[in-house]
Amino acid sequence: MCRNSPYGEELTYLFEHLAFPKRSVVGQTSGARILRRRLVLETFLRNVASLSPDTPLHVAVVGRLQRELCSAAFITHLANESVDVDTTRCSPHDLVELKWLAFDLFRNLNSCCTIEGDTCQRFLHVFRNRCAVVQDAPPSGQQELARQALQDLRNVTTQIQHYVLDTLGPQYRRAISTAMCDSHTMEQVDEAIDECVLVTVEDAVMVPLQEQITFLVELTIDVDVEAALTRSMEHDLYGKPQSFFGIPDALQSDVNFGKACYHLSMMEDRVLPHEKLHELVLSANEIFAACGDARGGSASMGNPTSTMMNADDFLPIHIYAVVHSNLKRPYFAKEFLSAMIHPNKMLGETGYFLTMFEAALKYVSESM
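Our subject in this report is the structure included herewith. What you are looking at is a predicted structure, and each value in this text was computed from that prediction instead of being measured.

This part covers the packing of aromatic side chains. Summed over the entire model, instances satisfying the criterion amount to 12 aromatic pairs. Between Phe244 and Phe245, the aromatic rings sit 5.3 Å apart at their centres with planes inclined by 85°, giving edge-to-face as the arrangement. Pairing Phe257 with Tyr320 gives two aromatic rings, centres 6.2 Å apart and planes at 65°, and the pair type is edge-to-face. Taken together, the positions of Phe257 in the loop between α11 (223–237) and α12 (258–265) and Tyr320 in helix α14 (residues 311–323) put the pair 63 residues apart, joining distant regions of the chain. Relative accessible area serves as the criterion here: at 2%, Phe257 is assigned to the buried category. According to the relative accessible area criterion, Tyr320 is buried, its value standing at 4%. Here the aromatic residues Phe244, Phe245, Phe257, Tyr320 and Tyr363 are joined through ring pairs into a cluster of three or more. The positively charged end of Lys240 is found above the aromatic ring belonging to Phe244, 5.3 Å away from the centroid.

Okay, the pattern of salt bridges next. Counted by the stated rule, this structure contains 10 salt bridges. Overlapping salt bridges bring together Glu218, Glu226 and Arg329 as one network.

In most cases, non-glycine residues show a negative phi, while peptide bonds are predominantly trans. Here the phi dihedral of Phe257 falls at roughly 50°; this positive angle occurs in a residue that is not glycine. A positive phi angle is found at Asn326, which is not glycine, with a value near 65°. Residue Asn326 is classed as exposed on the basis of its relative accessible area of 53%.

Rules behind the numbers
Residues numbered from 1 in each chain as written. Predicted model: local features only at pLDDT ≥ 70, side-chain atom pairs only at ≥ 80, totals over all residues. Heavy atoms only, no water. Phe/Tyr/Trp six-rings, centres within 6.5 Å; stacked < 30°, edge-to-face > 60°. Helix = DSSP H or I, 4+ residues; strand = E, 2+ residues; numbered from the N terminus. Buried < 20%, exposed > 50% of the residue type's maximum accessible area, 1.4 Å probe, protein only. Lys NZ or Arg CZ within 6 Å of the ring centre and 35° of its normal. Salt bridge = Lys/Arg side-chain N within 4 Å of Asp/Glu carboxyl O.

Here it is as structure tokens:
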């Protein structure tokens, strides 16, 4: 096969230097054997994903595997690369230098040859086993075990992020600082790097654990409360006019805050905590825009406590948007974010808007 392929040398490298999982056919097999085979395959895939894309074959292989191993938003972000980036007009996160940092971090986090990568792989294996223990526990104790497991997941993810930041090569900071120095402060450079590391670590750790995280969050939810809240939104409050929610005439929207509702609905399509929070912030930003509130910056840079719109004006509109967002499981979204949000995100505007989201759901529950 290698001789007939235009990538003969590269294929030889792949099969001779990587522990390619051997094919085996077993008529009847146990769950333990399936798990072992799954881990072998996962190790191989992640080793391939850690290859440097310096040949056409490597680019093709890594591109295909990364679509399987990380979120679509992460891939889209890396793919939207512009050669001629105007640093005075674009977001810092659009810089090519930051995208290369994200790519290198992702390779390291998925390689068994780095400390952070080996830690990730070991933790993923241990966490899956822990979820199996939670599943087999008596029902009366599952909720507390699930909460503790989610807390430990968040803590380990944060610790990996801190390690990556502490050991980050100086060449990245130099390149990013040079690209941003004319239009951004050093504080903004540090914030951009911190955000890049946070996004990449969350992607590397939490995407492979989507099924387990959903299972654990489900255990922390009161099913009856969630069903009643969803029913109240869909049958009692949906379709009510803006005035019903206490929105002043001067702030009412001719288009029913459609963009704000849209971004809230997109929270359920996002996988990672920072992605869901981003949609929440975008929704709030659309409310400010619809009300003509010029905050002098994007939602990710503003300070909600200093805006022209105070909480008494914002909350009724936000409640209206939540009710009309068509979120199928708003209570699940709240519990997911409460458990998985990065501690630093609880401060500033993201924490503020998350509090508003929780207040909106509290309003709905009290109106039942």
